[in-house]
Amino acid sequence: MLDVDRTSRAARIQAGILGPDLERSLRPDGLTLRHFPQSFEFSTLGGWLATRAGGHYATVYTHIDDLVESMRLVTPAGVSESRRLPGSGAGPSPDRAFLGSEGTLGVITEAWMRLQDRPLWRATESVVFDVYDSAVAATREIAQSGLFPTNCRLLDPAEAFLNAGTPTSGGLLVLGFESAHHPVDATMATALAVCADHGGRSVGHSPNRSTRDPAGVEDDAAGQWRSSFLRMPYQRDALAAQSMIVETFETACTWDRFPELKAAVDAAAAKAFLEVGVVGVLTCRFTHVYPDGPAPYFGVHAAGRWGHTVEQWDDIKSAVSEALSSRGGTITHHHAVGRDHRPWYDRQRPEPFARALRGSKAALDPAGILNPGVLIDPLRHTSGRSSS
Ligand SMILES: Cc1cc2nc3c(=O)[nH]c(=O)nc-3n(C[C@H](O)[C@H](O)[C@H](O)COP(=O)(O)OP(=O)(O)OC[C@H]3O[C@@H](n4cnc5c(N)ncnc54)[C@H](O)[C@@H]3O)c2cc1C
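K.L.:
Looking at this model, I keep getting lost on helix α5 (residues 132-143). Mind explaining?
P.N.:
The α-helix winds at 3.6 residues per turn, so residues separated by three or four positions along the chain end up facing the same way. When the terminal C-alpha atoms of α5 are compared, their 16 Å separation across 12 residues agrees well with the 16 Å that a helix rising 1.5 Å per residue should span. Of the positions making up α5, those classed as buried are Tyr-132, Ala-135, Val-136, Ala-138, Thr-139, Ile-142 and Ala-143. For α5, the arc enclosing every buried residue in end-on projection is 160°, short of the 170-degree limit, so these residues lie on one face. Buried positions along α5 lie against β9 (151-155), α6 (157-164), β10 (172-179), α7 (185-197), α9 (258-276) and β13 (280-290).

K.L.:
I keep staring at the packing of α5 against α7 and nothing clicks. Help me out?
P.N.:
A pair of packed helices is captured by two measures, namely the crossing angle of their axes and the spacing between those axes. Following both chains from N to C, one finds α5 and α7 inclined at 145°, their axes separated by 9 Å at the closest point. Along this stretch, α5 crosses α7, giving a crossing that reads as right-handed. Residues Ala-138, Glu-141 and Ile-142 of α5 touch α7, and the partners they reach there are Ala-191, Val-194 and Cys-195. Among the residues forming the contact of α5 with α7, the class breakdown is five nonpolar, no polar and one charged.

K.L.:
Sorry, what's going on with the confidence of the model for the protein here?
P.N.:
Regions with low pLDDT should not have their predicted coordinates read in detail. When pLDDT is averaged along the protein, the result is 92, and 92% of the positions lie at 70 or above. For residues 205-209, every residue scores under 50 in pLDDT, and the model assigns this stretch 15 contacts once sequence neighbours within four places are set aside. Note that residues 383-388 has pLDDT below 50 and, in this model, 11 contacts with residues that lie over four places away or in other chains.

K.L.:
I tried to follow the site of the ligand on my own but got confused; where do I start?
P.N.:
Surveying the vicinity of the ligand reveals 22 residues, the closest of which are Gln-38, Ser-39, Thr-44, Gly-54 and Ile-108. Here an oxygen atom of the ligand and a backbone polar atom of Gly-47 are 3.4 Å apart. Between the ligand and the protein, one listed contact pairs an oxygen atom with a backbone N or O atom of Glu-102 at 3.3 Å. When the free accessible area of the ligand is taken as 960 Å², the share hidden by the protein chains comes to 68%. Taken together, the elements giving at least two residues each to the shell around the ligand come down to α2 (45-51) and β6 (107-114). Broken down by element, the shell around the ligand gets its largest block of residues, five residues, from α2. For the shell around the ligand, the per-class residue count stands at eight nonpolar, 13 polar and one charged.

Rules and cut-offs
- Residues numbered from 1 in each chain as written.
- Predicted model: local features only at pLDDT ≥ 70, side-chain atom pairs only at ≥ 80, totals over all residues.
- Heavy atoms only, no water.
- Helix = DSSP H or I, 4+ residues; strand = E, 2+ residues; numbered from the N terminus.
- Expected span 1.5 Å × (residues − 1).
- Buried < 20%, exposed > 50% of the residue type's maximum accessible area, 1.4 Å probe, protein only.
- Arc of directions from axis to C-beta.
- Contact = heavy atoms within 4.5 Å.
- Axes fitted to C-alpha atoms, helices over the stretch in contact; angles between N-to-C directions.
- Left-handed = near helix turned anticlockwise from the far one by under 90°.
- Nonpolar A, V, L, I, M, F, W, Y, C, P; charged D, E, K, R; others polar.
- pLDDT = per-residue confidence, 0-100.
- Near = heavy atom within 4 Å.
- Polar contact = N/O pair within 3.5 Å; in protein donor to acceptor, adjacent residues only side chain to side chain.
- Areas by Shrake-Rupley, 256 points an atom, 1.4 Å probe, with all protein chains shown as cover.

Pasting the structure below:
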């Protein structure tokens, strides 16, 4: 943490800082970056910027893209440092060009990040539905209402049962609002009224509660889900040692395409389970919701065959990736591209853009030393010059 500008609410931060250290450094000033990916504990600011990470809040300020004010990047061709600005219409944004570059164009060394006051007011509720389509409709209405919930996770019945201990035939909507500025009871009441219009019933044990004390808020289904969210990666490792395939994949699509995409992914997963010879369960939750569409996040829990679980997962992952990509979804909403998603990413991006990316790579990293094979194929070298 190099510098804190309390007036503009921004801080200059080195890229290697881990999530908990970053938040700890801001706490004395009453500030927060308020970016909490599930990997928060072990991931860095530089990694979040390089992969365009998504925090756990469902709407508005949750993507690292929107929190960056300026960025410093060391490339083999020189140092790129953008100007601190709240906004700018001066041509294509240098920061946007490097966000998500996954280490292929340069090393991010520091950034000025936009901060927020620490929230004081919070309210959380859990709402169950009998019919999944009604739950999706309620979630869409809330996403399009301008209420901007901090949490708006629709868990399908399998996810609600496995990770929130809530039996329901239509799904569980975990709703949350928070503010550093004002109580949020009224906003929560409006969102609950939307849910009721679609047949949702609140099962939060203390409805319409807005509190300054977060400790007492989440001891219901929402709290149970939250603690299982934090435990999930650790559980995954323990279960993998018992030859269980416990994995996730995620996407985003427009609301009009969601029913078809979900049906295609369900069918592809069921077929893949049969083909690789496993008994498996597929779960789905929305991690983020936008006015024009959700970001569905799928979980696979399958009994694998010891010694073969990696190949079995590769086959399942390939089948579901094909299904979501062919139904108009993105190959990743926030897990990034890396090497796993390259084939689908190549098909998703427009070819002129791919050429521009290769051009940027050749200009900034002419020897092709930065993460070869990530995002684009390694540059071919001919008589001391590189080409793509
Ligand atoms: C259990 C688990 C949960 C996760 N949950 C989330 C989540 O909620 N939201 C989310 O968005 N992602 C999530 N991820 C994915 C991942 O943690 C994030 O993408 C994270 O941003 C990666 O940061 P990192 O510091 O670990 O980077 P690394 O994994 O070390 O690196 C990722 C890529 O970024 C490049 N890179 C790293 N630092 C820099 C730098 N300073 N300059 C240039 N390039 C750099 C690396 O070369 C690599 O290509 C999760 C992953 C796991 C394993």
